[in-house]
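Summary of structural features
Read off the chains here:
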Amino acid sequence: MTARPQPTPDETLGAGIKAAGELRQRAVDVARGGRSADAIKLLHQALRALPVTSGNLDATAVRIRVLSTLAYAEAETGSVDDGLVHLGTASDLVRGLHSGPHRLALQGLVEHQHALILLRQGRTADSLELFDRAIPLLERAEGTPAGNPQLLVSAIMNRGLTYITLGDPGRAEANMRRCMALAVAAGMPQEKAKAQSNLGDVAQLVGDIPSALHHYGEADRAFRTLAPGLVPRTQIDQARALMTAGLADEAARHLDEALPVLREYRISQDLAEAEVARAGAALLMGDLTLAKQLAGSAYRRFVKRGSAPWAEVAALTKMRAEATATLAGRSTAATPAKAASLAERLAAVNLVDEAAMATMLAVRLALRRGQTDTAETLLQQVPPPRKIAPIDHKMLLRLCRAEVALARGQTRRALAQARAGLTELGAARDRMGGLDLVCGTAVHGLELARLAVNLVLEGARSDADARRLLDWQERTRAQVYRYEPLPVIDDPELASRVSELRSVTRTVQQARLERRPTGYLERRMTALQREVNRLGWHTSHWGKPRPVSSSGEVIERLGDRAMISFAGPGEDLAAIVVSGGRTRLFRLGSQEQVLEVARQLHADLDALAPDDLIAPLVNAVSHSALHRIATLDQQLFGPGRIPVELLEGRELVVVPFGGLYSVPWESLPTLHGRAVSVAPSATAWVSAAEAEPTAGRVVLVSGPELPESVLELNHLREVYPDAVVLQGEQATSAAVLEAMDGAKLVHIAAHGTHEPANAMFSRLELADGGLLAHEVARLHRSPEHIVLAACELALSHIRPGDEPLGFAGAMLASGSRTVVAAVNRVGHRSAALTMTDYHRRLASTGSAKDLAETMTDYHRRLASGTRPARALAEATAADPLRRPFILLGAG
């Protein structure tokens with residue numbers, strides 16, 4: 001038997017070096033994909049493959065590379081100190097090398113890894129100094145066999161991240177742009193995606209949330225193909241941007257997807273950051289228990305890693321939750337001393353904005369205890385906000401200044417702070433893209449707005465005070481409706497995603513009916529909704545802001561109409577009534593009692609909707625609904641409330657509040673048969689009333705599985721003989737959108753669904769699936785007058801700041817003048833009868849003999865701004881309980 005030749009010592013050394021190098025490269029690839037724990041295992045295998053001692057340059061170089069990579073991986077998953085030990089060993093080995101390109105490259109690697117660990121630890125200034133040392137070393141090694149283009153790209157990118165942390169967007173963007181150019185030239189798509197994600201951080205730093213979401217979205221798509229393990233990191237960044245825009249629920253969904261993956265990968269830094277971000281989302285959503293729990297967990301993780309600055313950030317998030325509970329009288333955990341102590345710790349680690357936030361919490365807690373002098377002293381310690389300070393920090397500073405002024409009895413100064421803060425918030429809102437982003441920003445000014453309106457309301461005694469209160473209401477409510485929509489930028493990708501979403505949604509509905517599993521389809525539907533949102537957010541800014549209408553402008557525009565604008569900043573409900581050129585204030589008692597009756601009425605009318613409801617049930621529910629209606633009418637118009645004589649002989653504009661958006665106003669006895677227009681704000685009504693009438697076409701649409709709509713359309717064809725008619729297979733989303741664009745009047749008879757969790761995905765069911773609010777909000781020219789003969793599409797999801805948003809609201813915000821829709825479920829037969837009656841009255845014709853004059857008469861009457869509301873009042877008067885339609889906008 002022939003003996004195998006034994007490898008020579010040199011061959012053994014060479015094999016070990018080669019194996020270690022391959023294992024290290026695999027570890028780098030795994031770590032770049034976000035799986036640091038798996039990378040550590042590979043790196044320890046690499047160290048075992050190398051000889052313990054060797055004077056071989058290649059072996060030493062590989063050991064330095066392995067130790068440098070292991071240092072960062074250990075710091076990410078365990079302790080920073082453990083990582084730095086490995087880095088110290090690598091540094092000692094570098095010092096033993098001869099001068100030359102190899103030493104330059106390896107020294108640059110060690111300096112870079114050290115800088116990166118310190119950056120993740122929160123020691124930003126120290127990390128920048130190291131990056132500035134590492135990059136020139138790596139640049140000098142380029143063009144030699146020792147050069148490492150990928151490491152150079154990473155170093156420049158990470159220096160850019162350091163500038164982001166330091167609040168220097170100019171230098172940060174310059175580094176990211178250079179990084180992207182180098183990555184493209186060297187064929188490194190993953191590094192390009194990372195740099196693009198970091199450009200999102202730069203955009204977020206300067207308050208450009210639509211651009212930030214665009215960059216994050218592009219990076220997210222690249223990572224899902226190139227490095228799925230990096231997707232959770234991008235979701236954390238996306239969530240932070242969404243919270244800046246006030247979309248806490250959407251941010252929470254991103255983070256709830258990321259957290260399980262991060263726990264699986266054991267990336268302790270990212271996991272802790274995700275917990276802090278999720279705690280912030282919970283705080284915005286009012287879930288203080290979850291916010292404290294997650295912030296506490298993140299704090300413990302950061303302490304274990306040795307990340308002191310990040311640990312203090314987690315402590316601040318927990319303090320915010322405790323302070324919120326304390327200020328609401330539900331806890332005593334937060335004190336001015338604790339908040340001030342936290343501010344000192346944050347300042348000690350150079351977290352300037354965070355230290356200011358903690359000090360401002362101390363100010364508010366001191367005021368809660370009646371310690372005005374202490375609060376004022378603390379407030380003087382808060383520096384003016386930096387230009388790039390987060391909008392919630394700016395709003396909190398304005399709120400603190402206003403509350404201190406109020407404690408000193410300085411009402412004017414308090415209102416001046418509120419006015420300035422709301423102006424700053426408006427500037428942030430003006431940069432948003434998409435209705436939901438514009439709408440969401442109101443959350444950051446909610447407390448400031450309440451303070452101002454409450455302050456004016458408490459002191460209101462005269463007509464002048466009532467006008468002043470109306471002015472403040474208009475500054476603080478339904479701001480999404482004061483934008484003049486800009487021309488929409490066509491986006492084929494967005495159109496493709498919407499089309500797929502329509503198809504998947506329809507398949508899900510069918511599968512549910514057939515009791516088939518829908519798990520995968522629902523996950524795909526959620527992913528598509530997110531993609532549609534993302535694309536809609538950054539395609540363009542939503543619109544050009546219009547000035548808020550003053551009380552004088554509202555009075556002038558109303559003419560002989562009356563307006564009731566409800567307000568409820570505190571526990572009581574109030575109403576400002578504008579009538580006959582005068583403005584009066586009426587206090588209506590407990591807000592909760594009124595809103596509870598409105599909720600009960602809404603439930604009754606929903607139960608009454610089916611056409612085939614048996615007579616005993618109709619009688620029982622009708623009796624209950626009539627009782628609720630009578631109660632609500634007394635609460636609003638009874639003795640000592642809004643005097644009915646102020647409304648006599650006048651058309652009425654109602655600006656609701658909260659749950660009052662769901663009230664079918666003509667059902668109330670006081671308003672029965674009266675022409676009523678509903679608007680989210682007086683400014684929104686003025687904008688709608690001043691909209692230029694168009695001379696477009698009439699469009700009639702009938703959706704599927706709605707037999708009554710066929711008969712309804714036949715009647716409407718008699719009223720509008722020249723109308724464009726889409727029904728059956730012709731009534732596709734694309735055909736309907738094309739016909740709606742620039743139309744004078746659009747009538748759609750179709751099943752409708754209001755989605756309270758995400759109102760922009762409320763939909764009308766057409767031949768090829770649901771037509772989304774997202775789509776109608778992006779028409780180039782919204783129809784002047786749209787009638788939605790479908791269930792509950794006048795419903796809105798009420799966002800913080802009394803910002804209502806839904807299908808009908810999206811039409812109004814997009815430029816439609818008049819939107820008729822139901823606030824409840826409504827039977828198909830009742831809807832058909834109501835709408836046929838409405839259109840006949842609208843066109844003032846009941847027979848074919850006047851058809852030649854119908855359209856001319858319609859255009860003339862609609863231009864007058866009064867006829868639609870009158871026509872709807874008469875059409876619903878016959879059966880107000882089963883015809884719960886309202887007119888939104890100007891009628």
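Okay, so let's go over this structure. Remember, it's a predicted structure, so these values are computed and weren't measured experimentally. Residue positions are given per chain, counting from 1 as you read along its sequence in written order. The predicted nature of this model means local features are confined to residues of pLDDT at least 70 and side-chain atom pairs, given and counted, to a pLDDT of 80 or more, with totals for whole chains, interfaces and linings taken over all residues. Computation of side-chain values: all heavy atoms of the structure, hydrogens and water removed.

Here's the deal with the environment of Lys-338
- For Lys-338, the position within the fold is in helix α16 (residues 336-348).
- Note on Lys-338: relative accessible area 46%, which makes it partly exposed.
- Measuring from C-alpha to C-alpha, the distance between Lys-338 and Met-319 comes to 8.6 Å, with 19 residues separating the pair along the chain.
- By definition in these notes, contact holds between two residues if any of their heavy atoms fall within 4.5 Å. Contact partners of Lys-338, with chain neighbours within four places excluded, come to Met-319 and Ala-333. Strands are runs of DSSP state E lasting at least 2 residues, helices are runs of H or I lasting at least 4, and numbering of each runs from the N terminus. Burial classes: relative accessible area under 20% of the type maximum marks a residue as buried, over 50% as exposed, and values in between as partly exposed (1.4 Å probe, protein chains only).

Let's talk about the side chain of Ser-68
- As for its position among the elements, Ser-68 is in helix α3 (residues 57-77).
- Using a relative accessible area of 0% as the deciding quantity, one classes Ser-68 as buried.
- What Ser-68 contacts, discounting residues up to four positions off in sequence, is Leu-87, Ala-90, Leu-109, Val-110 and Gln-113.

Describing the packing of helix α9 (residues 189-205) against helix α10 (residues 209-226)
- Orientation is described by axes fitted as lines to C-alpha atoms, over the contacting stretch for helices, and by angles from 0 to 180 degrees between their N-to-C directions. The N-to-C vectors of α9 and α10 enclose an angle of 160°; their axes lie 7 Å apart at closest approach. Relative to α10, α9 is oriented roughly antiparallel. Pair α9 / α10 crosses with left-handed handedness. Contact residues: Pro-189, Gln-190, Ala-193, Lys-194, Gln-196, Ser-197, Leu-199, Gly-200, Asp-201, Ala-203 and Gln-204 in α9; Ile-209, Ser-211, Ala-212, His-214, His-215, Tyr-216, Glu-218, Ala-219, Ala-222, Phe-223 and Leu-226 in α10.
- Charged residues are taken to be Asp, Glu, Lys and Arg, nonpolar residues to be Ala, Val, Leu, Ile, Met, Phe, Trp, Tyr, Cys and Pro, and polar residues to be all remaining types, Gly included. For the contact of α9 with α10, the per-class residue count stands at 11 nonpolar, eight polar and three charged. Should an angle lie under 35 degrees it is considered roughly parallel, over 145 roughly antiparallel, and from 65 to 115 roughly perpendicular; all remaining angles are considered oblique. Handedness of each helix crossing follows the sense of rotation of the near helix against the far helix: counterclockwise by less than a right angle gives left-handed, clockwise gives right-handed.

Description of the packing of helix α11 (residues 231-244) against helix α12 (residues 248-265)
- Where α11 contacts α12, the two axes come as close as 8 Å, and the packing angle between them is 160°. Between α11 and α12, the crossing angle belongs to the class labelled roughly antiparallel. Viewed along their axes, α11 and α12 form a crossing whose handedness is left-handed. Here Pro-232, Gln-235, Ile-236, Gln-238, Ala-239, Leu-242 and Met-243 of α11 come into contact with α12, specifically with Ala-248, Glu-250, Ala-251, His-254, Leu-255, Glu-257, Ala-258, Val-261 and Leu-262.

Observations concerning the nonpolar core
- Working definition of a nonpolar core: buried Ala, Val, Leu, Ile, Met, Phe, Trp, Tyr and Cys residues. They are joined through side-chain atoms within 4.5 Å. With 148 residues, the main nonpolar core has Phe-566, Leu-636, Trp-665, Met-740 and Ile-748 as its most contacted residues.
- Broken down by element, this core gets its largest block of residues, 11 residues, from helix α17 (residues 352-368).
- Every residue in contact with Ile-748, bar those within four places of it in the chain, is listed here: Val-701, Val-736, Met-740, Leu-764, Ile-786, Val-787, Leu-788 and Ala-789.
- In this structure, Ile-40, Leu-50, Val-62 and Ile-117 belong to the second largest nonpolar core, which totals 30 residues.

Observations concerning the pairing of strand β10 (residues 745-749)
- Counting buried positions along β10 yields five of five residues, so the element is predominantly enclosed.
- The alternating pattern of β10 places Leu-745, His-747 and Ala-749 on one face and Val-746 and Ile-748 on the opposite face, and all of these are buried.
- Any two strands are treated as partners once DSSP identifies two or more bridges connecting them. Relative to β10, strand β8 (residues 698-702) runs parallel, the two being bridged by five bridges. Bridged to Val-701 within β10 is Ile-748.

A short note on the packing of aromatic side chains
- Ring geometry is summarised as follows: Phe, Tyr and Trp rings, the Trp one being its six-membered ring, pair when their centres sit within 6.5 Å, and such pairs are stacked at plane angles under 30 degrees, edge-to-face over 60 and tilted between the two. Scanning the entire structure with this criterion turns up two aromatic pairs.
- Between the aromatic rings of Phe-566 and Trp-665, the centroid separation amounts to 5.7 Å while the plane-to-plane angle is 15°, which identifies the pairing as stacked. Of this pair, Phe-566 sits in strand β3 (residues 562-567) while Trp-665 sits in the loop between β6 (652-655) and β7 (676-678), and the two are 99 residues apart along the sequence.
- We classify Phe-566 as buried; its relative accessible area is 0%.

Topic: the side chain of Glu-322
- Mapping Glu-322 onto the fold places it in helix α15 (residues 308-327).
- Excluding residues that lie within four positions of it along the chain, Glu-322 makes contacts with Lys-292, Ala-333 and Ala-334.

Considering the sheet that holds strand β11 (residues 752-753)
- Within the open sheet, the three strands sit side by side as β11-β12-β13. Their pairing is antiparallel. In the strand order of this sheet, the two ends are held by β11 and β13 (769-772), each with one partner.
- In this structure, β11 lies alongside strand β12 (residues 763-766), joined through two bridges in antiparallel fashion. By the bridge assignment for β12, Thr-753 is matched with Arg-763.
- With respect to the sheet, helix α31 (residues 733-740) is in contact with β12 and β13, its orientation differing from that of β13 by roughly 30°.

A word on the environment of Glu-22
- Mapped onto the secondary structure, Glu-22 falls in helix α1 (residues 9-32).
- C-alpha separation for the pair Glu-22 and Ala-46, spaced 24 residues apart in sequence, amounts to 8.1 Å.

Considering helix α2 (residues 36-49)
- Expected helix span is computed as 1.5 Å times (number of residues minus one). Its 14 residues give α2 an end-to-end C-alpha distance of 20 Å, which sits within 8% of 20 Å, the value for a rise of 1.5 Å per residue.
- Listed as buried for α2 are Ser-36, Ala-37, Ala-39, Ile-40, Leu-42, Leu-43, Ala-46 and Leu-47.

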